[in-house]
Amino acid sequence: MTNVVSVITAVHGPSAKYLADAYKSLNEQEMPAGWDWQWVIQEDGETDDVAPHVPDDARISFGQGRHGRAGMARTMGMSRAVGQFVRVLDADDMLTPGALARDIAALTGRPDVAWTTSRVLDLLPDGSTVGFDQDPPEGPIERGEVLSHWQAHDYRAQVHPATLCARRDLVLALGGWMALPASEDTGLLLALNAVSRGWFTAETGLLYRKWPGQSTSQAAHSEQEERAARMAVVEARAEALLALENWRIDAA
């Protein structure tokens, strides 16, 4: 029996042209013995713009739904995810060689670890790459550690939610991605960190494409009032989850 990691991708019309690169990076993954991947592609909308870019592969499940942005699309895609692990892959990004195998090794080899992240390189339009100067060392990430760093660094985490791979049951228990216009992936990352131990892999696991059409490059993403509201609800959720263990102790 083959074990499966479900790769979840939200996509809309402007980013559909990059699915071919994402698929190439996925198809080139060398999987551990007894493992395979499933690619769940969920369109944020119901247009004719995305389907022509979806590769013909039996391991791919393509779906559509009402427009609600990436968080809703990924959560809707979870209805078709069959893997015990769920790995994020944005439509315009690419996995590096061995990324899935490293995620699987971290989660199967460490029962106390519920999620993983890895190093990211920004892929610029000219083909060059830029790294991040605050990567933690390879190893475990304790409960609340990401939240503390995020709070102390202007709401910027030391690990990237676009590299997240997590146990499917826990993602479902936490409600999937947050119902926010942006930062929904950070919200899930902080929620996972609030209730469970994680792992950081120092080897690069993702090429994060920078291009003018991506959501995070739009002016609305940085609008201060909305950003403050997003950060407030992400923070409140994480702190409430982090306090649950103490609440259970007090209630007993």
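Residues numbered from 1 in each chain as written. Predicted model: local features only at pLDDT ≥ 70, side-chain atom pairs only at ≥ 80, totals over all residues. Heavy atoms only, no water.

Observations regarding the pattern of salt bridges
A pair can form between side chains of opposite charge whenever their charged atoms are brought close. Put simply, the rule is: Salt bridge criterion: a side-chain nitrogen from Lys or Arg within 4 Å of a carboxyl oxygen from Asp or Glu. Segments assigned H or I by DSSP are reported as helices when at least four residues long, segments assigned E as strands when at least two residues long, and all are numbered from the N terminus. Whether a residue is buried, partly exposed or exposed follows from its accessible area with a 1.4 Å probe, protein chains only, as a fraction of its type maximum: under 20%, in between, or over 50%, in that order.
A full pass over the atoms with the stated rule returns 14 salt bridges. When the shortest N-O distance is used, the salt bridge between Asp-112 and Arg-197 registers 2.3 Å. Here the residue Asp-112 occupies a position in the loop between helix H3 (99-109) and strand E6 (113-123), and Arg-197 occupies one in strand E10 (residues 197-209), the gap between them amounting to 85 residues. Residue Arg-197 is classed as partly exposed on the basis of its relative accessible area of 27%. The closest approach of N and O atoms between Arg-168 and Asp-169, which form a salt bridge, is 3.8 Å. The class of Arg-168 is partly exposed, set by a relative accessible area of 23%. By sharing partners, the salt bridges in this structure join Asp-36, Asp-57 and Arg-59 into a single network.

Observations regarding the packing of helix H4 (residues 145-152) against helix H6 (residues 184-195)
Rules: Comment: axis = line fitted to C-alpha atoms, over the contacting stretch for helices; angle = value between 0 and 180 degrees taken between N-to-C directions. Just so you know how the angles are binned, under 35 degrees is roughly parallel, over 145 roughly antiparallel, 65 to 115 roughly perpendicular, and the rest oblique. Only heavy atoms matter for contacts: two residues are in contact if any of them lie within 4.5 Å across the pair. Gly falls in the polar group here, along with every residue not listed as nonpolar (Ala, Val, Leu, Ile, Met, Phe, Trp, Tyr, Cys, Pro) or charged (Asp, Glu, Lys, Arg).
Remark: H4 packs on H6, axes separated minimally by 7 Å, with the N-to-C direction vectors making an angle of 130°. For the element pair H4 / H6, the angle class is oblique. Residues Glu-145, Val-146, Leu-147 and Trp-150 of H4 form the contact with H6, whose participating residues are Thr-186, Leu-189, Leu-190 and Asn-193. The residue makeup of the contact of H4 with H6, split by class, is five nonpolar, two polar and one charged.

Describing H4
This is how the line gets drawn: What the arc measures is the spread of directions leading from the helix axis to the C-beta atoms.
Among the residues of H4, those classed as buried are Val-146, Leu-147, His-149 and Trp-150. Looking down the long axis of H4, one finds its buried residues gathered within 165° of arc, a one-sided arrangement. Note on H4: the residue one or two positions beyond its end, Asp-154, has a positive phi of about 55°.

Some thoughts on the nonpolar core
Cut-off, in case you're wondering: Among the buried residues, those of types Ala, Val, Leu, Ile, Met, Phe, Trp, Tyr and Cys that are joined through side-chain atoms within 4.5 Å form a nonpolar core.
One finds Trp-115, Val-146 and Trp-177 to be the most contacted residues of the largest nonpolar core, which totals 32 residues. Contributions of two or more residues to this core are made by strand E4 (85-88), E6, H4, H6 and helix H7 (224-242). For this core, the leading source of residues is H6, giving six residues.

Thoughts on the UniProt feature "domain: Glycosyltransferase 2-like" (unreviewed entry) in the protein chain
Definition in use: UniProt positions are given in the numbering used here, feature names are shortened, and annotations may be inferred rather than shown by experiment.
The feature "domain: Glycosyltransferase 2-like" (unreviewed entry), as given by UniProt, occupies residues 6-117 in the numbering adopted here. Secondary structure content for residues 6-117 is 25% helix and 29% strand, and the end C-alpha separation is 15 Å.

Brief notes about the pairing of E4
The line we're drawing: Two strands are said to pair when DSSP picks up at least two bridges between them.
Of the two faces of E4, the one lined by Phe-85 and Arg-87 and the one lined by Val-86 and Val-88 are each fully buried. Pairing analysis gives four bridges linking strand E1 (residues 3-11) to E4, with the strands arranged parallel. Note that in E4 the partner of Ser-6 across the bridge is Val-86. In this sheet, strand E9 (residues 165-167) lies alongside E4 in antiparallel orientation, the contact comprising three bridges. Across the sheet, the residue bridging to Arg-87 is Cys-165, located in E9.

Some thoughts on the packing of aromatic side chains
Heads up, the condition is: Only the six-membered ring of Trp is used, alongside the rings of Phe and Tyr, when aromatic pairs are assigned; centres must lie within 6.5 Å, and planes under 30 degrees apart are stacked while those over 60 apart are edge-to-face, with the rest tilted. By definition here, charges over rings are those cases where NZ of Lys or CZ of Arg is within 6 Å of the ring centre and within 35 degrees of the ring normal.
Counted according to the given criterion, the structure contains three aromatic pairs. Aromatic pair Tyr-23 and Trp-39: ring centres 6.1 Å apart, planes at 5°, arrangement stacked. Highlighted residues: Tyr-23 in helix H1 (residues 19-27) and Trp-39 in strand E2 (residues 35-44), separated in sequence by 16 residues. Arranged with centres 5.4 Å apart and planes meeting at 10°, the rings of Trp-35 and Phe-85 form a pair that is stacked. On the criterion of sequence distance, the pair formed by Trp-35 in strand E2 and Phe-85 in strand E4 is long-range, its members being 50 residues apart. For the residue pair Trp-35 and Phe-85, the accessibility class agrees, reading buried in each case. Against the face of Trp-199 rests Arg-110, its NZ or CZ located 3.6 Å from the ring centre.

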